[in-house]
Amino acid sequence: MNKRFEQAIFVIGPTASGKTAFAHRLAEMIPSTYGTDCELINLDAFQFYRTMDIGAAKPTPEELEHYKYRGVDILDPLESIDAAAYADFVWQQCREISARGKLPICVGGSGLYLRAVLHGLDPLPPRNDDLRQMFRASAAEWGWPLLHDWLKALAPSRAAQLHPNDKTRIERALEIVFQLPEGVSPDSVFSQSQPLNQQDLAGNCYVVQIDCSDEVLKQRINLRLDEMFTRGWVAEVECLYQRWGSEFFASQAGKAIGYLDIHQACRQAEFTAGASGKENSRLDLRVVEELKRKIATSTWQYVRRQRTWNAKERCDWSFDSSKGIVEIQFTASLLSFLDFYHSK
RNA sequence: GGUGCUGUGGCGGAGCGGCUACGCAAACGAUUGCAAAUCGUUUUCACAGGGGUUCGAAUCCCCUCGGCACCU
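Residue numbers restart at each chain and count upward from 1, following the sequence in its written direction. Each chain gets a letter, beginning with A, and each ligand a number, beginning with 1, in the order they are written. Where totals are concerned, whole chains, interfaces and linings use all residues; where local detail is concerned, this predicted model gives features only for residues with pLDDT of at least 70, and gives and counts side-chain atom pairs only at 80 or more. Where side-chain values are given, they derive from all heavy atoms of the structure, hydrogens and water being excluded.

**Here we look at the confidence of the model for chain A**
- Confidence scores labelled pLDDT are given residue by residue by the predictor and lie between 0 and 100. Of the residues in chain A, 96% have a pLDDT of 70 or more, and the chain-wide mean is 93.
- Scoring of the predicted complex yields 0.93 for pTM and 0.91 for ipTM.

Below you can see the structure in the form of structure tokens.
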């Protein structure tokens, strides 16, 4: 197996579970006990984007600076980066950090990106937007189940794994098939792949999974939401809209939880204010409370999905953050991981 | 006090004599280049209460209790 990175610690878990705080704590404790400096790498698909600070729950600018974060603010809102490209980026950053005798800590909750970094994606044809557009046009006309039939004819083994409505994956599968070189059997490409989480790891890693009780997590989500709104999340959304227009909400970045909800509430408020001849179109308290409820719900649904995902992922240390993350006792497994690294 | 409308699962909301929608929420699961995305499965007395008509009522009639509107 070829290593894509030397060694790294991964801190994963659902939103608001305390990943960031935990990682920061590690980055403080490891140097003081082992003399090895740590640098952080973001593994969160929405902290990529510049000017999406509050809603994406980024660390503060001071923290970003202090912990030498990489992978934050690397894209403009209308851009995007696919999982394979991002994995390459992270591996490269890891190697760079290791080369300078430091230890990378990757933090984030985006399942696919994490898996791509941890195991590496199979070498398949890349994303192709022209093809995707074509598939979407056909789907708009005939429906996705028909494209599923199409896939069944070309690559039955893959089609069998996908539901006829699963547009995301049908699209990708067809995209792969259409880009294969002459003479390669589409079906063999798929039937040879093992599930990613069962494949070898891309480097020497130590994975910490953070989570806490439902009760505490829900409470933290609500608290964080209050904070986000007082820090000016609404203004952030309006700024993005002013800068990029409605295209923002059609883009990948615009899919982040809450952004569209806030935008719609603002337009509604504008409309109401206009109709009553008032100048002030700011959101009133009732509307904000409603937004918080709605966004808390979406966030919780996301938590559930993250947990489902992480349950199948590697875990070297399962940390319960229900009582906070101030006190951290290094586990034996982490100590031996660090020893191994230190003795090199 | 009078008149009219109305009362459906945790919520919204169809059905107006027999076939017990649907949406949301919830729970669970999937996840190989847009993933905070997307997709799937599940949710065994929902029909305000009581009485009546009928082979059969959430649906028709009567009464009671809520809600809304208007009138005096």
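**Thoughts on helix α3 (residues 83-99)**
- When the terminal C-alpha atoms of α3 are compared, their 24 Å separation across 17 residues agrees well with the 24 Å that a helix rising 1.5 Å per residue should span.
- Elements in contact with the buried residues of α3: β1 (5-12), β2 (38-42), β3 (103-107) and α4 (111-119).
- Polar contact criterion, stated in full: a pair of N or O atoms within 3.5 Å, where within protein one must be able to donate a hydrogen and the other to accept it, and residues adjacent in sequence count only if both atoms are side-chain atoms. The secondary structure listing takes helices from DSSP runs of H or I that are at least 4 residues long and strands from runs of E that are at least 2 residues long, numbered from the N terminus. Sitting at the amino-terminal end of α3 is Asp 82, which places a side-chain oxygen 3.0 Å from the backbone nitrogen of Ala 84.
- Taken from the residues just after α3, Gly 101 is the one with a positive phi, measuring 75°. For a helix, the expected span equals 1.5 Å multiplied by the number of residues minus one. By definition, residues are in contact when any of their heavy atoms lie within 4.5 Å.

**Side note on the packing of helix α6 (residues 144-154) against helix α8 (residues 167-179)**
- At a minimum axis distance of 10 Å, the contact between α6 and α8 shows a crossing angle of 40°. On the basis of the axis angle, α6 is oblique to α8. Note that α6 runs across α8; the crossing there is left-handed. Side by side, α6 and α8 meet where Trp 144, Leu 147, His 148, Trp 150, Leu 151 and Leu 154 of the first sit next to Lys 167, Ile 170, Glu 171, Ala 173, Leu 174, Val 177 and Phe 178 of the second.
- Think of it as three bins: nonpolar holds Ala, Val, Leu, Ile, Met, Phe, Trp, Tyr, Cys and Pro, charged holds Asp, Glu, Lys and Arg, and polar takes everything else, Gly as well. A class-by-class count of the residues in the contact of α6 with α8 yields 10 nonpolar, one polar and two charged. Lines are fitted to the C-alpha atoms to define the axes, a helix being fitted only along its stretch in contact, and any angle between axes, read from their N-to-C directions, falls within 0 to 180 degrees. Roughly parallel here means an angle under 35 degrees, roughly antiparallel means over 145, roughly perpendicular means 65 to 115, and every remaining angle is called oblique. Throughout, a crossing is termed right-handed when the near helix is turned clockwise from the far one, and left-handed when it is turned anticlockwise from it by less than a right angle.

**Digging into the environment of Leu 131**
- The topology assignment puts Leu 131 in helix α5 (residues 129-142).
- Through-space distance from the C-alpha of Leu 131 to that of Gly 274 is 43 Å; in sequence the pair is 143 residues apart.
- When neighbours within four sequence positions are excluded, Leu 131 is seen to be in contact with Glu 175, Phe 178 and Gln 179.

**Thoughts on the sheet that holds strand β4 (residues 203-211)**
- Strand pairing is defined by DSSP finding a minimum of two bridges between the two strands. Spatially, β2-β3-β1-β4-β5 is the arrangement adopted by the five strands of the open sheet, whose pairing is parallel. Edge positions in the open sheet fall to β2 and β5 (317-320), since each of these has one partner strand only. Across the sheet, the mean angle separating the axes of adjacent strands is 25° when strand polarity is ignored.
- Against the sheet, α4 engages β1 and β4, with an angle of about 155° to β1.

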